[in-house]
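Chain by chain, the residues:
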Amino acid sequence: MKKLVSVLLALTMLLCAFSGTFGACAATLTYAEQKLETIQKTTGFIPGKTAVVTGNCYGFISKVCEKLYGKAYQEQLDSYTCKHATGLYYEVSRLTTTSDKSANSTNIKNLVSFLKNNAMPGDIIHYASLSNSSSKHTFMVQSIDDEKIRIFHSNYGSDNCQIDTIYWSSFISNPTTNCTVSGVNSRNTILTAKMGAKGLGISVNRFTNYNSLFYSVGVAADIAPTASAKSVSSTTITVSWNAVSGATKYQVDYRLVGTSSFTKASDTETKTSYDVKYLTVGSTYEFRVRAYAGKWMSYSKTVTCQALPAQINGASLKLVSNGISITWSKYSDINGVRIYRSTKKDSGYSQIKSIASNTTISYTDTSVKYNQTYYYKLLAYKTVNGNEYSSYSNPYQVTYALKTPAMLYDRLSAASVKITVGTDGCQDSLVYYVSSDGKITLRETETTDETVTLEGLTLGKQYTVFCKEKTALGESEWGKLTFTALPKSVDGVKVSGVNSCVRISYQVQSDADGYYIFKALSADGEFKKIGEVINPETAYFDDADIKLNVAYFYKVQSFKKKDGKVYAGDLFDDSIKAVYRVGTPLGITTETINPYSFTVHWKASNHASTYILQYKQNGGKWVTVKNIKGTSYRIRRLTPGKKYVFRVCGVDAKLGSGSYSSEKKLKLLPPTPTIKSVKKVSKGIKITYTPVEYSTGYAVFRSTSKNGTYKKIAVIPSAKTTSYVDKNVKKNKTYYYKVWCYHVVGKKVYRSDKSEAVKLKYK
């Protein structure tokens, strides 16, 4: 059955390779059996040598998994099964037998069938006696097929790594006796020794991402690639083939047709194509390819190709004013190019030009008729010893017919429009005329300019512009564009938040009498007119009908009045989005005033006229302070030593409050004193520090280095004493000082942080 699975999988892989969907996989997947063979050459995993983990088959297999999959097998083992709590491995299947282990018994045949149908190389097998769960063993499948299973394990009679083989036919006929098969010992008793009085339990377990690392069979099927060959120069033929699953390299051979021996071009190619070079122009060669996937596979069928100049592919054909221009790439190994033309794709070609040079890479066919379709073939040729060798390109198709011009208009004012013409770019000139109300308002005019400005238009009147391309060979159909003379589209539309409104600003225009403002709730929603600006010099409109944090979309339209009628310009296609938000306060800092209060500072927020401050003890309820007009607030009557949480939000006087800042935390302690001076006095060094409100006393610390250990040298139990003289000093030695203050409430003492260090060298 395994062999059948292998063949089916190989065919599937081959079909995938033909369809182009398997190539990427073939370059990354390998076979678990091949990876295990590599691991079995590593110290600690070498069969017959001391195992990396001794006295513990489960621990040894865990180490093998670490090498094979990159993830150790550390699942919770329960007799012959695992709980697989990590999710890295899963149980494929399990089986239990009875105690009967006689030759050809149902138990023995079921056990063989179970392993053949479920196990693959790299799987972990647990099995144990159902009557004695401590009698158990763990091994890894090294390889498996319809003939045998090879297992990789340790701690079976020794602490060595071992690879044992069980031949299925021998196991079925002699389940309790080890036998020799083809010179190899079939270790039949490995499984039956643990059946016990109640039978055997066995489970197959697999790495969860097995299929992303390995193929599902142990040995690559013998698949021959399908090859093709194409001449790419006078002396080079490219051989290509499909990827073969599991292949690590390919061999390419070639020979002259009529000769018996193949020459090896390469046997190390890892891609799926190879250039066979230095061939003889005009000679015909045979090629074959084979793949290596652990061994060399069968050769492909031979393919034949003649060494000829390369086909001229990728030539560019385009219309020019006097004909059809043909341009191709330069080919250094040819003598020249001949150009053939027909009005039919598959016949009737005649030569229209011979170019005896490999440096000339373009030609213009001027003998063409308007609106006629032509087919061209390019023949690249090379002459060697009086013999000419050549290759035709595939046919190129082109029709000499000028494109009907496409036109766009841009209103410059209510009385002028700029027309832009889209062309082939091959015309000699453009011809255009204008009509209105069925009458010609501008006669046919010929120009080479692709932009035309029409002036003196009548507001509200409809005009049609006709335009065609023209060359010496013919003229295109008339293009047509119809528009109405209206005010131009409004430019420079912008939005901003001002005084609880969205301000829509724009560029005023000289020929407008006013502007309409439109609003929608989405870019592609229904735009409704919300306002009108009747002063043409006013360049903005304030929309007060808004809510915080809601997206609005705006458009502006100009209008002009004439004879009691209003003519509006184009409503600009793109809308401008606006969201009015009150900025979230940033840059929040705190300043501890005393053990009972601190001040919160923050930066001013956009659109905020006042602020809300909320604070609470950690875990308590919020206390809210509203209508704060500045950017700081002092919180009083707090409890020393407690942790407080606070946050701030801005408030627009009309629209409401914005989002709160992120929560900040502060433990309320006495403020840190500052050392004002450190100076030498007659009896030592005098440290003077700033007094701290509500302080009970101070402590002075000293060190001989800035970042060293600071030892307490004095405690000053008086809030009024703001200096200390350190008398225990030595000459020519530098000292660093820090100070903290403390505050006593009942039996609790609250200390500030230490001040910044200040130094002095005592001389």
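Each helix and strand in the chain was counted, giving eight helices and 57 strands. Against the compact-globule benchmark of 27 Å for 763 residues, the chain has a radius of gyration of 46 Å, which places it well outside the compact range. Its C-alpha atoms put the chain at 115 × 110 × 65 Å along the principal axes. The 763 residues of the chain split such that 45% are buried. Intrachain contacts of the chain at a sequence separation of at least 6 include 62% that bridge at least 24 residues. Of the accessible surface of the chain, which amounts to about 38200 Å², a share of 46% is contributed by carbon and sulfur atoms.

Where the residue is not glycine, phi is negative for most of them; where a peptide bond is considered, it is trans in most cases. One non-glycine residue, H84, lies in the positive phi region at around 50°. With respect to the helices and strands, H84 occurs in the loop between β2 (81–82) and β3 (89–96). Using a relative accessible area of 12% as the deciding quantity, one classes H84 as buried. Backbone geometry places N104, a non-glycine residue, at a positive phi of 60°.

Okay, helix α5 (residues 106–118) next. With 13 residues, α5 should reach 18 Å at 1.5 Å per residue; the first-to-last C-alpha distance of 18 Å fits that figure. Those residues of α5 lying buried are N107, I108, L111, V112, F114 and L115. The buried residues of α5 occupy an angular sector of 160° when projected down its axis, which confines them to one face. Each element contacted by the buried residues of α5 is listed here: β3, β4 (124–129), β5 (136–144), α6 (168–173), α7 (189–192) and β10 (200–207).

All right, on to the side chain of S79 then. Along the chain, the position of S79 falls in the loop between β1 (77–78) and β2. In contact with S79, other than residues within four places in its own chain, are A128, S133 and K136.

The next subject is the packing of aromatic side chains. According to the stated counting rule, one finds 30 aromatic pairs in the structure shown. Considering the side-chain rings of Y69 and Y210, the 6.4 Å spacing of their centres and the 55° angle between planes classify their relative orientation as tilted. Here Y69, found in helix α4 (residues 57–69), pairs with Y210, found in helix α8 (residues 210–213); they are 141 residues apart in sequence, far enough to count as distant. On the accessibility criterion, Y69 (8% relative accessible area) is buried. Assessed through its relative accessible area of 2%, Y210 is described here as buried. Among the aromatic residues, those joined into a ring-pair cluster are Y58, Y69, Y73, Y89, F207, Y210 and F214. Sitting over the face of the ring of Y516, K529 holds its NZ or CZ atom 4.0 Å from the ring centroid. When the ring centre of F701 is taken as origin, the NZ or CZ atom of K754, which lies over that ring, is 4.7 Å away.

Here we take up the sheet that holds strand β12 (residues 236–241). With antiparallel pairing, three strands are arranged side by side in an open sheet as β11-β12-β15. Bordering the open sheet on either side are β11 (227–233) and β15 (273–276), each of which pairs with just one other strand. The sheet shows a mean angle of 25° between the axes of neighbouring strands, direction not considered. Examined bridge by bridge, β12 and β15 share four bridges and lie antiparallel to one another. From the neighbouring strand, S240 faces β15, where its bridge partner is S273.

With that out of the way, let us pick up the nonpolar core. Judged by nonpolar contacts, the single largest core of 36 residues is most densely connected at I504, Y506, Y554, V556, F598, V600 and F646. Every element with two or more residues in this core is listed here: β35 (501–505), β36 (514–520), β39 (551–562), β43 (597–601), β44 (610–617), β45 (623–628) and β47 (643–652). If we ignore the near neighbours within four places in the chain, the residues touching F598 are T590, E591, T592, I593, Y633, R634, I635, L638, Y644, F646, L666 and L668.

For the rest of this paragraph, the subject is the pairing of strand β14 (residues 263–269). The side chains of a regular strand alternate, residue by residue, between the two faces of the sheet. In this sheet, β14 lies alongside strand β13 (residues 249–256) in antiparallel orientation, the contact comprising four bridges. Across the sheet, the residue bridging to Y254 is T263, located in β14. What sits between β13 and β14 in their antiparallel hairpin is a turn of six residues, with G258 showing a positive phi close to 100°.

What holds strands together in a sheet is hydrogen bonding between their backbones, with the strands either parallel or antiparallel. Pairing is antiparallel in the open sheet, where three strands are placed in the order β42-β43-β46. Each end of this open sheet is capped by a strand with a single partner; those strands are β42 (589–594) and β46 (632–635). Strand-to-strand, the axes of this sheet are offset by a mean angle of 20°, without reference to chain direction. Sheet topology note: the β42/β43 ladder contains five bridges and is antiparallel. Bridge pairing in β43 places T592 opposite F598.

Attention now moves to the pattern of salt bridges. Applying the stated criterion to the full structure yields 20 salt bridges. In the salt-bridge network here, residues are joined through shared partners; they are D145, E147 and K148.

On average, residues of the chain score 92 in pLDDT, and 95% of them are at 70 or above. Per-residue pLDDT stays below 50 along residues 1–27; that stretch engages in 35 contacts with residues further than four places along the chain or on separate chains.

The next subject is α4. Between its first and last C-alpha atoms α4 spans 18 Å; for 13 residues at 1.5 Å apiece the expected length is 18 Å, and the two agree. Of all 13 residues that make up α4, ten are buried, and the element is covered over most of its length. Among the residues of α4, C57, Y58, G59, F60, I61, S62, V64, C65, L68 and Y69 are the ones counted as buried. By the N-cap criterion, in which a side-chain oxygen at the helix start approaches the backbone nitrogen of a residue two or three places on, α4 is capped by N56, the distance to Y58 being 3.1 Å.

Let's shift gears to the state of the cysteines. Going through the model one piece at a time under the given rule, you end up with zero disulfides. Considering cysteine sulfurs only, C82 is the nearest to C65, which forms no disulfide, with 10 Å between them.

What follows deals with the side chain of R411. Within the secondary structure, R411 sits in strand β26 (residues 406–413). A distance of 3.4 Å separates the side chain of R411 from the side chain of Y409, its partner in a polar contact. Within the structure, R411 has its side chain in polar contact with the backbone oxygen of T484 (distance 2.3 Å). Leaving out residues up to four positions away in the same chain, R411 has contacts with S416, V417, F483, T484, A485, L486, P487, K488 and D570.

Here we come to the environment of Y167. Note that Y167 resides in strand β7 (residues 161–167). If sequence neighbours within four positions are ignored, Y167 has contacts with E147, K148, V181, V184, S186 and N188.

What follows concerns the pairing of β11. Note that β11 and β12 share six bridges and pair antiparallel. Looking across to β12, one finds that S233 is bridged to T236. Counted along the chain from β11 to the antiparallel partner β12, the turn is two residues long.

Scoring rules and cut-offs
- Residues numbered from 1 in each chain as written.
- Predicted model: local features only at pLDDT ≥ 70, side-chain atom pairs only at ≥ 80, totals over all residues.
- Heavy atoms only, no water.
- Helix = DSSP H or I, 4+ residues; strand = E, 2+ residues; numbered from the N terminus.
- Rg over C-alpha atoms; globule rule 2.2 N^0.38 Å.
- Buried < 20%, exposed > 50% of the residue type's maximum accessible area, 1.4 Å probe, protein only.
- Contact = heavy atoms within 4.5 Å.
- Areas by Shrake-Rupley, 256 points an atom, 1.4 Å probe, with all protein chains shown as cover.
- Expected span 1.5 Å × (residues − 1).
- Arc of directions from axis to C-beta.
- Phe/Tyr/Trp six-rings, centres within 6.5 Å; stacked < 30°, edge-to-face > 60°.
- Lys NZ or Arg CZ within 6 Å of the ring centre and 35° of its normal.
- Pairing = 2+ DSSP bridges.
- Axes fitted to C-alpha atoms, helices over the stretch in contact; angles between N-to-C directions.
- Core = buried A, V, L, I, M, F, W, Y, C linked by side-chain atoms within 4.5 Å.
- Salt bridge = Lys/Arg side-chain N within 4 Å of Asp/Glu carboxyl O.
- pLDDT = per-residue confidence, 0-100.
- Polar contact = N/O pair within 3.5 Å; in protein donor to acceptor, adjacent residues only side chain to side chain.
- Disulfide = S-S within 2.5 Å.

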